[in-house]
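Results of the structural survey
Each chain, written out:
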Amino acid sequence: MMVLITYDVNVTSVTGKSRLRKVAKQCVNHGQRVQNSVFECLIDPTQFAELRHRLENIIDHEKDSLRYYYLGSNWKNRVEHVGVKAGYDPEGVIMV
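What comes next concerns the included structure. Positions within a chain are numbered from 1, following the residues in the order the chain's sequence is written. Selection of residues for local features in this predicted model requires a pLDDT of at least 70, selection of side-chain atom pairs for listing and counting requires 80 or more, and totals for whole chains, interfaces and linings are taken over all residues. Only heavy atoms go into the side-chain values, all of them from the structure, while hydrogens and water stay out.

This paragraph deals with helix α1 (residues 14-28). Along its 15 residues, α1 runs 21 Å from first to last C-alpha, staying within 8% of the 21 Å computed at 1.5 Å per residue. Three labels apply to residues, based on accessible area from a 1.4 Å probe with only protein chains included: buried if under 20% of the type maximum, exposed if over 50%, partly exposed otherwise in between. Helix and strand definitions here come from DSSP, where helices need a minimum of 4 consecutive H or I residues and strands a minimum of 2 consecutive E residues; each element is numbered from the N-terminal end. Gly 16, Arg 19, Val 23, Ala 24, Gln 26 and Cys 27 are the residues of α1 that are buried. The buried residues of α1 occupy an angular sector of 160° when the element is viewed end-on, so they sit on one face. Opposite its buried face, α1 presents the exposed residues Val 14, Arg 21 and Lys 25, each directed more than 90 degrees away. Take the residue count of a helix, subtract one, and multiply by 1.5 Å to get its expected span. This arc is taken over the directions from the axis of the helix to the C-beta atoms.

Right, here's the structure in full:
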């Protein structure tokens, strides 16, 4: 399933900057950054539950926020890209 994860971490303190890096690192490990605080994650339900648990343990629930958008298996019909930075196919071949 495709899940869009967005976050807003308060970085007015040193601990906030640390939380921001930790949230971004977890998201990078499971998806593709499409904007500064937005990730598209093609992930199975078990992996998503684990990621969600880790993210929610990182953030400060009084200062930060996470949003999850469930695009499901038919996500290709729900995502449209316009402008710079060409889109990518998370199900496509990855060259290393």
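Moving on, we come to the environment of Phe 48. Secondary-structure assignment places Phe 48 in helix α2 (residues 45-58). Considering only alpha carbons, one finds Phe 48 and Met 2, 46 residues apart in sequence, at a separation of 9.8 Å. Any two residues whose heavy atoms approach within 4.5 Å are treated as being in contact. Setting aside chain neighbours within four positions, we find Phe 48 in contact with Met 1, Val 3, Ile 5, Ile 43, Tyr 68 and Tyr 70.

On to the sheet that holds strand β3 (residues 38-42). Pairing is antiparallel across the open sheet formed by four strands, whose spatial order is β2-β3-β1-β4. The two strands at the open ends of the sheet, each matched to only one other strand, are β2 (32-35) and β4 (65-72). Taking the axes of each pair of neighbouring strands and ignoring which way they run, one obtains an average angle of 25° across the sheet. As judged from the five bridges shared by strand β1 (residues 2-8) and β3, these two strands associate in the antiparallel manner. Bridge pairing in β3 places Val 3 opposite Cys 41. What makes two strands pair is DSSP finding at least two bridges between them. In this analysis, axes come from line fits to C-alpha atoms, helices being fitted only over the stretch in contact, and the angle between any two N-to-C directions falls in the range 0 to 180 degrees.

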